[in-house]
Amino acid sequence: MSNRQKLMGHLYAIFTTLAWGSCFVLTKVMLTAYTPTQIIPLRMGLAYLALWALRPKTMKLPWKDELMFILIGITGGSFYFFLQNTASAHTSAANVSILVSMSPILTVILAQLFSRRGEKLGKWVYIGAVVAIAGVVMVVLNGTLSFHLSPLGDLLALAAALMWAVYSILVKKYTERYDNFLVTRRVFLWAFLTSLPLVLLTDGLPSLTPLFTQPNILVSWLFLGVFGNAVCFAIWNIAFKRLGVVITNNYLYATPFVTVVAGWLLLGEKISLMCIIGAVLITLGVIFAGKSDS
């Protein structure tokens, strides 16, 4: 693979990290009208429709591959967001952010255990992970020095991180075999369908009225569904293909800092010196981890 393709892979990962970090802030806007569980089918359904518009082609799959796409849709879509959102109801936002940010190191472990061809990982991946995790903790705490264990919520957040790691390992195989946009679209189809039982058993189907009566809700939904899900998942999968799941997922360490900056810009939330130091550590961690890609 050429250096230009790898560079584009890094740029795709950076762009997606910036968008996903902003998504947390826009999710707060949607939470004024919907429950966390109700947001899931709204995002997944819009993402599926957006990808149909971007790539209006059908996709025929063998039944074995279809079964795998159901699992991928669950791990990277419906259950991932369900676990993350439910964790937020049982523990602090700081705990959730820190524990969900463990997904890159869980991906490293799974890649070594289950990837047949395996990605060549050196000591720098592990050094980078430790440095980046330290940075994530500093960013999320943002000067408060407050971290409290809440067993149920913390376990749910860790389960969400594990779900994302599993998704990362599973989806890479299919981005190499099929058109990436069609792969991402199929993932969101099953993410949408498997989210319906969750929302029916909990809060009930969401009303569409707020989307057409409150402009801020509509804009947030469009950004989350079209950019946060459809576009970003598609180009993130391209980054998986070009950089590998481990190197790509290392960029997720920066998501909490992006969220803090977006909150500062859009909501007037504070940024502390601890947060800035944490951002530097995250950057160093990603650079260290990237050394294994050379």
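Just so it is clear, the model here is predicted, and its values are computed rather than measured.

1. As for the overall build of the protein chain
Within the protein chain one finds 13 helices and zero strands. Each helix and strand of the protein chain, ordered N terminal to C terminal, gives the series α-α-α-α-α-α-α-α-α-α-α-α-α. Each of the 294 residues in the protein chain was classed as buried or not, and the buried ones make up 51%. For the protein chain, the proportion of contacts with a sequence separation of at least 24, taken over those separated by at least 6, is 88%. When the accessible surface of the protein chain is summed, it comes to about 13,600 Å², and 71% of that surface belongs to carbon and sulfur atoms.

2. A word on the packing of helix H1 (residues 3-30) against helix H2 (residues 36-54)
Where H1 contacts H2, the two axes come as close as 11 Å, and the packing angle between them is 115 degrees. Judged by the twist between their axes, the crossing of H1 over H2 is right-handed. For the pair H1 and H2, the contacting residues are Cys23, Thr27 and Met30 in the first and Ile39, Leu42 and Arg43 in the second. Of the residues belonging to the contact of H1 with H2, the class tally is four nonpolar, one polar and one charged.

3. Re the packing of aromatic side chains
Counted under the stated rule, the structure contains 13 aromatic pairs. Centroid distance Trp164 to Phe233: 5.7 Å. Interplanar angle 75 degrees. Geometry classified as edge-to-face. A residue pair is termed long-range when its members are at least 10 positions apart, and Trp164 in helix H7 (residues 151-175) and Phe233 in helix H10 (residues 215-243) qualify at 69 residues. On the basis of relative accessibility, which here comes to 3%, the residue Trp164 falls in the buried class. Clustering of aromatic rings is evident, with ring pairs tying together Trp20, Tyr80, Phe81, Trp164, Tyr167, Phe188, Phe233, Trp236 and Phe240.

4. Overview of a nonpolar patch on the surface
Residues Leu273, Ile276, Ile277, Val280, Leu284 and Ile287 make up a contiguous nonpolar surface patch of about 540 Å² in total accessible area. Looking at where Val280 falls in the secondary structure, it is placed in helix H13 (residues 273-290). Classification of Val280 as partly exposed rests on a relative accessible area of 46%.

5. Structural notes on the side chain of Thr194
Along the chain, Thr194 turns up in helix H8 (residues 180-201). At a separation of 2.6 Å, a polar atom in the side chain of Thr194 contacts the main-chain carbonyl oxygen of Trp190. With near-sequence residues (within four places) excluded, Thr194 lies in contact with Ile74 and Ser78.

6. Some thoughts on the nonpolar core
Of all hydrophobic cores here, the largest spans 69 residues; its most connected members are Trp20, Trp164, Tyr167, Val183 and Trp236. The residues contacting Tyr167, other than those within four sequence positions of it, are Ile72, Thr75, Gly76, Val187, Phe233, Asn237 and Phe240.

7. Remarks on the state of the cysteines
In a disulfide, the sulfur atoms of two cysteines are held together by a covalent bond. Considering all chains together, one arrives at zero disulfides under this definition. Looking at the unpaired Cys23, the closest cysteine sulfur is the one in Cys232, lying at 6.6 Å. A relative accessible area of 4% places Cys23 in the buried class.

8. Considering the pattern of salt bridges
Applying the stated rule across the entire model yields four salt bridges. Of the charged contacts in the structure, one is a salt bridge between Asp65 and Arg177, with a shortest N-O distance of 3.2 Å. Residue Asp65 is located in helix H3 (residues 63-88), and its partner Arg177 is located in the loop between H7 and H8; the two are separated by 112 residues in the primary sequence. Overall, Asp65 belongs to the buried group, its relative accessible area being 8%. A relative accessible area of 45% means that Arg177 is categorised as partly exposed. The partner of Arg186 in a salt bridge is Glu66, and the shortest N-O contact between them spans 2.8 Å. With a gap of 120 residues between them, Arg186 in helix H8 and Glu66 in helix H3 connect regions that are remote in the sequence. The residues Arg186 and Glu66 share a single accessibility class, namely buried.

Procedures and definitions
- Residues numbered from 1 in each chain as written.
- Predicted model: local features only at pLDDT ≥ 70, side-chain atom pairs only at ≥ 80, totals over all residues.
- Heavy atoms only, no water.
- Helix = DSSP H or I, 4+ residues; strand = E, 2+ residues; numbered from the N terminus.
- Buried < 20%, exposed > 50% of the residue type's maximum accessible area, 1.4 Å probe, protein only.
- Contact = heavy atoms within 4.5 Å.
- Areas by Shrake-Rupley, 256 points an atom, 1.4 Å probe, with all protein chains shown as cover.
- Axes fitted to C-alpha atoms, helices over the stretch in contact; angles between N-to-C directions.
- Left-handed = near helix turned anticlockwise from the far one by under 90°.
- Nonpolar A, V, L, I, M, F, W, Y, C, P; charged D, E, K, R; others polar.
- Phe/Tyr/Trp six-rings, centres within 6.5 Å; stacked < 30°, edge-to-face > 60°.
- Patch = residues over 30% accessible without salt bridge, like charges linked within 9 Å, V, L, I, M, F, W, Y side chains within 5 Å.
- Salt bridge = Lys/Arg side-chain N within 4 Å of Asp/Glu carboxyl O.
- Polar contact = N/O pair within 3.5 Å; in protein donor to acceptor, adjacent residues only side chain to side chain.
- Core = buried A, V, L, I, M, F, W, Y, C linked by side-chain atoms within 4.5 Å.
- Disulfide = S-S within 2.5 Å.

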